[in-house]
Amino acid sequence: MSDDSSPGPVTAPSELSGSARLCLACGLCCSGVLSPAAPLLKPGDLTVAARNRLRVVPEEGVFALPCPRLNGTRCETYTDRPTVCGTFRCALLARFEDEGGPIEPHLAAIARTKELLAFAESKGMSFAPGAERKMEASGADAYEMMSTVHELMQRLHTDFVGAETLPDPLKFPAGATEG
Ligand code: SF4
Ligand code: SF4
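Residues numbered from 1 in each chain as written. Chains lettered and ligands numbered in written order. Predicted model: local features only at pLDDT ≥ 70, side-chain atom pairs only at ≥ 80, totals over all residues.

## Describing the nonpolar core
Inference 1: Core analysis: the biggest nonpolar cluster contains 28 residues, and L22, A49, F63, L92 and L93 have the highest contact counts within it.
Inference 2: If you list the elements that add at least two residues to this core, you get helix 1 (18-25), helix 2 (28-31), helix 3 (45-51), strand 3 (62-64), helix 4 (83-87), helix 5 (91-99) and helix 6 (104-122). (Core = buried A, V, L, I, M, F, W, Y, C linked by C-beta atoms within 7 Å. Buried ≥ 20, exposed ≤ 12 C-beta atoms within 10 Å, placed from the backbone. Helix = DSSP H or I, 4+ residues; strand = E, 2+ residues; numbered from the N terminus.)

See below:
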């Protein structure tokens, strides 16, 4: 979601900043896996979100995730996004930006997390917002699922929580985006 230096659609991977490479390998914060909604933080965010056909809930001051403008891992409306999209940093991205060091371990952590997610989903577990995260497996399958979910939750908690506390959302009257 973050990284103000993220690329345009034709930027070659070798020309990207490290932060952009991480976010383009990821996209989890826009996908709804981490949170069912993202906050509107500034008065103009309501207009931006509505203009870009995000699923706004004005009275709660949020737009719903997964974001309809997420295309794979790329934001289709990168230059015209709500404030939170340019400011959110997960813990993994913040560590990379603040502490430096090689990017490869961070890319590997993202890849491993997505691998675990894909495995759990292949076994019928849904990570969609609002879905009950329950697993149905038995025998060896159950053990594999339990260890998958355990590692996945640890990784989500360690790497993908927000590094900074976001301000409370600005709330707008219900129906504020209509007309
Ligand atoms: S979860 Fe982190 S690394 Fe992934 S897209 Fe969001 S800010 Fe970038
Ligand atoms: S507008 Fe772009 S950056 Fe913001 S949630 Fe949607 S896909 Fe992500």
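So much for the structure itself; the text now carries on.
## Considering helix 6
Inference 1: In this model helix 6 runs 26 Å from its N-terminal to its C-terminal C-alpha over 19 residues, within 8% of the 27 Å that 1.5 Å per residue would give.
Inference 2: Here helix 6 has its buried residues at H106, A109, I110, T113 and L116. The buried residues of helix 6 occupy one face: seen down the axis, they fall within an arc of 125 degrees. Every exposed residue of helix 6 that faces more than 90 degrees away from the buried side is listed here: E104, A108, A111, E115, A118 and S122.
Inference 3: Along its buried surface, helix 6 packs onto helix 1, helix 5 and helix 7 (139-159).
Inference 4: One or two residues past the end of helix 6 sits G124, with phi positive at roughly 95 degrees. (Expected span 1.5 Å × (residues − 1). Arc of directions from axis to C-beta. Contact = placed C-beta atoms within 7 Å.)

## Section: the site of ligand 2
Inference 1: Near ligand 2 lie 10 residues; those nearest to it are C30, C67, L70, C75 and C85.
Inference 2: Across the shell around ligand 2, the residue classes tally to 7 nonpolar, 1 polar and 2 charged. (Near = placed C-beta within 6 Å. Nonpolar A, V, L, I, M, F, W, Y, C, P; charged D, E, K, R; others polar.)

## Some details on the sheet that holds strand 3
Inference 1: With antiparallel pairing, the 3 strands of this open sheet are ordered in space as 1-3-2. Looking at which strands have only one partner, the edges of the open sheet turn out to be strand 1 (37-39) and strand 2 (56-57).
Inference 2: For strand 1 and strand 3, the ladder comprises 3 bridges, and the chain directions are antiparallel. Each bridged residue has a counterpart across the sheet, and for A38 the counterpart in strand 3 is F63. (Pairing = 2+ DSSP bridges.)

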